[in-house]
Amino acid sequence: MRKAGLVMAALLGGCATLGDPERRVSEALAEDDYAGAAAIIEDTHPDHDQYALLQEQYPGIILASDQYRQRLILEAEAMSRKQRWQQAHTLIEAHRDKVVDPSALDELLTALTSLEEYQFNQLLAERRRAQALALQESTGLTDKLSGFHLPRAKQERQQLAEERFVVVEDLTRLGEYFAQRQQWLLARDLLSAAHRLAPDQPPSAQLAKAQQILNDASQRARARHNRALLTEAEQLMARYQRNGQLESLLAARHFLKQHQDNPVLADHRERLEQWARRRFSEEMNTGEALYARGQYREAYRIWKQVAPLYPDDEELNKKLERSRRVLANLRNLQDD
């Protein structure tokens, strides 16, 4: 029994030096599979002959993954601007598992879906308003058709009733959709059209709210101001998504903090804070990897750059202090 245990221990110890993870990493990188390459390195035992070499490659793979992810974001955004929604979704879904951290791609998919829905609803609202106008102008047609005995006349009358029902339902839904986005003029027009087509039904509560807001001059001014804030916030956030620069992230964050009491920007603030936390974590990990490899100056530079995101972070300040001491000691040794 003791002998069998010794044999098994020897076998397990030998496994640490078996296999060729470096080749597997190269194959993964050839397929732009940065997540796969990183996973191979992370799964390689420290006793493996190639462990040190793989650890040297790791920060570069993480950086390449970040750059690859940024290219995917830019390409998908360019497709969305051309309203090539299916291609944008296919691109991201086909490559999201190749990057180390796909959360930014997942967020982009959610944002693209929301934007696609918004643009589709704008087109649908235009079509439903035209249908509502046509139905309004043919109000007496239903009464005229009721006097006909022909089956086709009855069928036509039924189709008119069904069309009216669908249009009223969609006008109401679309009106409430745009009311939630504080597009009160469009919301009022859609909900008013729905109420004119179905006057016997109670109007949406959002109709009265839209009318009140639009009749209030101060509310109109506030709506214009909020639209301007939203536009600027979206431009600043889009700039960061395009270039991935920390300065752009800080600029967008500073703008949103200036208007932190404005509820219109609440979703933008929450989304940007998620980006900030993720960027902070990424930079902290990158600095730690560099520090572990003895690249103290580079680690200190990265930590110093990311400090404005969370200047009071205790862990970050400890790392900065530790790296400052190491760099000071190295300078003293050089002077001696």
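Reading the values: the criteria
- Residues numbered from 1 in each chain as written.
- Predicted model: local features only at pLDDT ≥ 70, side-chain atom pairs only at ≥ 80, totals over all residues.
- Heavy atoms only, no water.
- Helix = DSSP H or I, 4+ residues; strand = E, 2+ residues; numbered from the N terminus.
- Buried < 20%, exposed > 50% of the residue type's maximum accessible area, 1.4 Å probe, protein only.
- Contact = heavy atoms within 4.5 Å.
- Arc of directions from axis to C-beta.
- Salt bridge = Lys/Arg side-chain N within 4 Å of Asp/Glu carboxyl O.
- Phe/Tyr/Trp six-rings, centres within 6.5 Å; stacked < 30°, edge-to-face > 60°.
- Lys NZ or Arg CZ within 6 Å of the ring centre and 35° of its normal.

> Where do I start with the side chain of Q131 in this structure?
In this structure, Q131 sits in helix α6 (residues 103-137). The exposure class of Q131 is buried, given its relative accessible area of 17%. Excluding anything up to four places from it in sequence, Q131 contacts E163 and V167.

> Would you mind showing me how to read helix α14 (residues 296-306) here?
Turn by turn, an α-helix covers 3.6 residues, leaving residues three or four places apart pointing in a common direction. Within α14, the full set of buried residues consists of A299, Y300, I302, W303 and V306. Mapping the buried residues of α14 onto a view down its axis gives an arc of 165°, with all of them on the same face.

> Is there a simple way to think about the environment of L320 in this case?
If you trace the backbone, L320 turns up in helix α15 (residues 314-335). Separated by 21 residues in the primary sequence, L320 and A299 place their C-alpha atoms 8.9 Å from one another. Excluding residues that lie within four positions of it along the chain, L320 makes contacts with Y300, W303 and K304.

> Hey, could you run me through the pattern of salt bridges in this one?
A pair can form between side chains of opposite charge whenever their charged atoms are brought close. Counted according to the given criterion, the structure contains 19 salt bridges. Between R324 and E321 there is a salt bridge; the shortest N-O distance is 3.4 Å. Residue R324 and its partner E321 are both found in helix α15; the two are separated by three residues, about one turn of the helix. Ionic pairing is found between E321 and R325, a salt bridge with its closest N-O pair at 3.7 Å. Here the residue E321 and the residue R325 both occupy positions in helix α15, the gap between them amounting to four residues, near one helical turn. Given the relative accessible area of 36%, E321 is considered partly exposed. Salt bridges here are not isolated pairs; linked through shared partners, they connect E288, E315, K319 and R322.

> Is there a simple way to think about the packing of aromatic side chains in this case?
When we look at a pair of aromatic rings, we describe it by the centre distance and by the angle of the planes. What the rule picks out here adds up to seven aromatic pairs. Ring geometry for Y118 and F178: centres 6.0 Å apart, planes at 70°, overall edge-to-face. Within this pair, whereas Y118 is found in helix α6, its partner F178 is found in helix α8 (residues 151-180), the two being separated by 60 residues in sequence. Residue classification places F178 among the buried residues on the basis of a relative accessible area of 0%. Through a chain of ring-to-ring contacts, three or more aromatic side chains come together here, namely Y118, Y177 and F178. The aromatic ring of Y177 is capped on one face by R181, whose charged end is 3.7 Å from the ring centroid. Sitting over the face of the ring of Y310, R253 holds its NZ or CZ atom 4.8 Å from the ring centroid.

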